[in-house]
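One-letter residues, chain by chain:
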Amino acid sequence: MQVLLWHSFFVLDHFTASSMEIPPPGETPPTRFFETCCRYFRATELESSNAQEAEGMAEGDDMLQAAKDVQAGDDPPKGDFPVQKKSPKLCGSNYPLSIAFIVVNEFCERFSYYGMKAVLTLYFLSFFHWDENLSTAVYHAFSALCYFTPVIGAIMADSWLGKYKTIIYLSIVYVVGHLIKSVGAIPSLGNQAVHVILSMVGLFLIALGTGGIKPCVSAFGGDQFEEEHTSERSKFFSIFYLSINAGSLISTFVTPVLRGDVKCFGEDCYALAFGVPAVLMVLALVVFIAGSGLYRKRPPQGNVLLEVCKCICFAIKNRLKNRSSQIPKRDHWLDWASEKYSKQLIGEIKMVTRVLFLFIPLPMFWALFDQQGSRWTLQATKMNADFGIYVLQPDQMQFLNPLLILVFIPLFDLGLYPLINMSKFNFTPIRKMATGMILAGMAFGLAAAVEVKINETDLPRLVPEESLIRVLNLAKNPVQVTIQDRDLFQQPVEAFQNPAEYSKLILNGEQQSLHFTLQYQGLSLAFNYTVKEKSVYSLIVFEAEESLSSHLITDLEAKPENGLTAVRFINGLSQDVNLTIDSEQFIAVQKNYSASEYLLLKRDKYNDGKCITETGEFTLELGLLDFGASYTIVITNVFGDAVKAWKSEDIKANDVHMAWQLPQYLLISAAEVMFSITGLAFSYSQSPASMKSVLQAGWLLTVAVGNALVLVVAQAAPIAQWAEFVLFALLLFAVCIIFSFMGYSYVSVNPEDLEEKEEKREISSSGNMINLVTQKTKL
């Protein structure tokens, strides 16, 4: 395991001390791996800072160092921040006992977040009955908010409360959000408006909580180690990120099972699916508080992000004030902040802005990547999920991404990248990131192809002044059907013939009364029915009193949602029947070819049904009711101890298997390894040590902006889903070209070299100033 985890950070060898072990990836960006990198970078900065402080103290500058800290604006350690406190050790090792509480807390918190998020899209679709576009928009609005709020958490921890109190306070907010979200999923509690309000409030609090503690927990874990235990601290990060990955991987597989396989209130148990993550978050908070007496708590050290923002704002403001042509120009627009800020800070910000400029095209990648939990999950609901030994829930497919990441990281590091290096091809970080973009675009191209294949089993799209109609002949002989002024049914309809497809019926307006003529064994019978536009009908023809009769009944206009199956019954007996489908589904159907309403069921074989009539109880076998299909079951007669039934498939079942999503998951996961790991390492290498957290904030914002882009596209101009996939793929290819040109003109730098040159320049400048003063004195 240690080998696999080390290779995920192979590119960071250039940036960490040789004595340190590289911590592993725990989560994949913008979900699992990205948080791992950000937290590791933050902890690395902390180690560097602590090592410098220890060296200064060793030189005997205790009082001077303390005076500098106070002068810099840091709060001195108080009773709430016992920095020098030594925690009891774990089993006689150099590991503080306090880290056990932090690791368990992180596992529970990640389980709660990803478990809740895994079922969120289907919750909007099934529980609120929102359409796919609105469900997608709200899902990505929540995701965007989750990646805006870490900036707030970092500022609170570094400038005000400290990491410990920030984690406690925002975890309480987090728990309250989960509880409100779970209560809002109870169907019997109020109307839909109440459910929507409770759910939105809960999601807002969850976004504030999870984002706020995101930059604090791992760095707080690093605080628990003494400075001489660097190796143990690095191994702690491995365990820490393993707990993150375990929590997210398990929850994305288990929570959909709680939703789909457990029934409560007569439907999918979303209250349980949200309640279990809420319990895990309560447990996370309790475990974290339980270790309070063991923690080493550092005081707030000030937030560099605020200083950067203030410097940039001052430079812009100062430049706008001094627009006169008489004022000498400066080499760089940030030099206009030199009246207030040091040259070192300005130089570091210049280095950071060069990298942030490269971040501008990156949100488009995240716009595609994060649709695994929205559009791809919705696509899975329209597919066949039967894998033989196990039937997957549509939202369970998301667990493939973290699983594939753990496979691809060593595969790429030990196999692909060495082979490319052997071919003498200069596979630079920019080229790797561009390749990741191309792979993500290809993944969406495959998703579009799968969507086109899925649409083949759908009904034709209903448009104004059009309807669909078919004929079910339940008589004993063929029937010729003629509709007023229309030439639809050329051949007679055979008895109990399963119609291949619906026929399109053109109307003169929103609705029209039509004359139907039925020819049956020399008889010609006429019926009038009113047909409405954008509707689907079945004309039921049956024998009645030695003649022929008919009913015009309304059919489903679209496939059942979430892979469910729909079934209705037509009672061909001369007595009313009561049907029992399973232990929970009951339906009554009146006699003489009356039709019941559609009943939504889970995909399964239903061979243990019961049909109760005036003369007794009989068995009812329906066979397999498949994913996404719609059926009409006609009870024809009673034979022995069973009823005979004829099954007609109104809407075809989902015949595209969910395994066809595997190639697009393979491509998007490979794209993530190339794009995200490389991008984080590259940006980290191009920024000075004091500015790592600024780049973390910039990277987080690219994820947030990417989710906002999906929100805009989903709501702006709804188009066919396959066309939307193609649109996103083309946009990413275009952005990839732009990014490649930007990267081609970018010149990589070593921040340490630039800092050394800046120091030498300042020393040289200071020396010249001293000589001038000396000469004037002699004169």
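A brief look at the structure comes next. (Residues numbered from 1 in each chain as written. Predicted model: local features only at pLDDT ≥ 70, side-chain atom pairs only at ≥ 80, totals over all residues. Heavy atoms only, no water.)

**Digging into the overall build of the protein chain**
(1) Moving on: Across its full length, the protein chain holds 21 helices and 20 strands.
(2) Moving on: Of all intrachain contacts in the protein chain linking residues separated by at least 6 positions in sequence, the fraction that spans at least 24 positions is 72%.
(3) Moving on: Surface exposure of the protein chain reaches about 34,700 Å², of which carbon and sulfur atoms provide 60%. (Helix = DSSP H or I, 4+ residues; strand = E, 2+ residues; numbered from the N terminus. Contact = heavy atoms within 4.5 Å. Areas by Shrake-Rupley, 256 points an atom, 1.4 Å probe, with all protein chains shown as cover.)

**A short note on the pairing of strand E19 (residues 630-639)**
(1) Moving on: With six bridges joining them, strand E10 (residues 565-571) and E19 adopt parallel strand pairing. Bridged to Ala566 within E19 is Ser630.
(2) Moving on: In this sheet, strand E20 (residues 642-651) lies alongside E19 in antiparallel orientation, the contact comprising nine bridges. Paired with Ser630 across the strands is Ile651, a residue of E20.
(3) Moving on: The turn linking E19 back onto E20 is made up of two residues, and Gly640 within it adopts a positive phi angle of 70 degrees. (Pairing = 2+ DSSP bridges.)

**A few points about the sheet that holds strand E4 (residues 480-483)**
(1) Moving on: Pairing within the open sheet is antiparallel, and its three strands lie in the order E4-E6-E7. At either end of the open sheet lies a strand with only one pairing partner, and these are E4 and strand E7 (523-532). On average, each strand axis in the sheet is tilted by 25 degrees relative to the strand beside it, whichever way the strands run.
(2) Moving on: Here E4 runs beside strand E6 (residues 511-520); their pairing, made up of four bridges, is antiparallel. Bridge pairing in E6 places Thr482 opposite Thr517. (Axes fitted to C-alpha atoms, helices over the stretch in contact; angles between N-to-C directions.)

**Observations concerning the packing of helix H6 (residues 132-161) against helix H8 (residues 192-213)**
(1) Moving on: The contact between H6 and H8 brings their axes to 7 Å, and the two run at 40 degrees. The angle between the axes of H6 and H8 places the two elements in the oblique class. Handedness of the H6/H8 crossing: right-handed. Residues Val138, Phe142, Leu145, Cys146, Thr149, Pro150 and Gly153 of H6 touch H8, and the partners they reach there are Met200, Leu203, Phe204, Ile206, Ala207, Leu208, Thr210, Gly211 and Gly212.
(2) Moving on: When grouped by side-chain class, the residues that make up the contact of H6 with H8 number 11 nonpolar, five polar and no charged. (Parallel < 35°, antiparallel > 145°, perpendicular 65-115°, else oblique. Left-handed = near helix turned anticlockwise from the far one by under 90°. Nonpolar A, V, L, I, M, F, W, Y, C, P; charged D, E, K, R; others polar.)

**Topic: the sheet that holds strand E8 (residues 536-544)**
(1) Moving on: Read across the open sheet, the four strands follow the order E5-E3-E8-E9; overall the sheet is mixed. Strands at the two margins of the open sheet, each flanked by one partner only, are strand E5 (503-506) and strand E9 (547-554). Looking at each pair of strands side by side, their axes are set apart by 35 degrees on average, direction ignored.

**A short note on the state of the cysteines**
(1) Moving on: Within the structure shown, the criterion is met by one disulfide.
(2) Moving on: The side chain of Cys264 participates in a disulfide bridge whose partner is Cys269; the two sulfur atoms lie 2.0 Å from each other. Between Cys264 and Cys269, the S-S dihedral sits near 110 degrees, and the bridge is therefore right-handed. You'll find Cys264 and Cys269 in the same group, each marked buried. (Disulfide = S-S within 2.5 Å. Buried < 20%, exposed > 50% of the residue type's maximum accessible area, 1.4 Å probe, protein only.)

**Some details on unusual backbone geometry**
(1) Moving on: Within the chain, Lys534 stands out as a residue other than glycine whose phi angle is a positive 55 degrees.
(2) Moving on: Relative to the elements of secondary structure, Lys534 occurs in the loop between E7 and E8.
(3) Moving on: For Lys534, a relative accessible area of 39% puts it in the partly exposed group.
(4) Moving on: Notably, Asn562 is not glycine yet its phi reads approximately 60 degrees, a positive angle.
(5) Moving on: Structurally, Asn562 can be placed in the loop between E9 and E10.
(6) Moving on: The class of Asn562 is buried, set by a relative accessible area of 15%.

**Describing the packing of aromatic side chains**
(1) Moving on: Applying the stated rule across the entire model yields 43 aromatic pairs.
(2) Moving on: Arranged with centres 6.3 Å apart and planes meeting at 70 degrees, the rings of Phe127 and Tyr270 form a pair that is edge-to-face. Of this pair, Phe127 sits in helix H5 (residues 120-127) while Tyr270 sits in helix H11 (residues 270-290), and the two are 143 residues apart along the sequence. Here Phe127 and Tyr270 have matching classes, each one buried.
(3) Moving on: Ring centres of Phe365 and Trp366 lie 5.0 Å apart, and the angle between their planes is 80 degrees; this geometry places the pair in the edge-to-face category. Like Trp366, Phe365 is buried.
(4) Moving on: Members of the aromatic cluster, each reached through a chain of ring pairs, are Tyr123, Phe124, Phe127, Phe128, Trp130, Tyr270 and Phe274. (Phe/Tyr/Trp six-rings, centres within 6.5 Å; stacked < 30°, edge-to-face > 60°.)

**Looking at the nonpolar core**
(1) Moving on: Grouped together as the largest cluster of nonpolar side chains are 139 residues, with contacts concentrated most on Leu120, Tyr123, Phe124, Phe142 and Phe365.
(2) Moving on: Broken down by element, the residue count for this core peaks at 12 residues, all from helix H17 (residues 429-455).
(3) Moving on: In this view, Phe142 contacts Tyr113, Met116, Leu120, Leu203, Ile206 and Ala207; residues no more than four positions away in its chain are not counted. (Core = buried A, V, L, I, M, F, W, Y, C linked by side-chain atoms within 4.5 Å.)

**Things to note about a nonpolar patch on the surface**
(1) Moving on: There is a patch of nonpolar side chains on the surface, built from Ile250, Phe253, Val254, Ile389 and Tyr390 and spanning about 460 Å² of accessible area.
(2) Moving on: Along the chain, Val254 turns up in helix H10 (residues 230-260). (Patch = residues over 30% accessible without salt bridge, like charges linked within 9 Å, V, L, I, M, F, W, Y side chains within 5 Å. Salt bridge = Lys/Arg side-chain N within 4 Å of Asp/Glu carboxyl O.)

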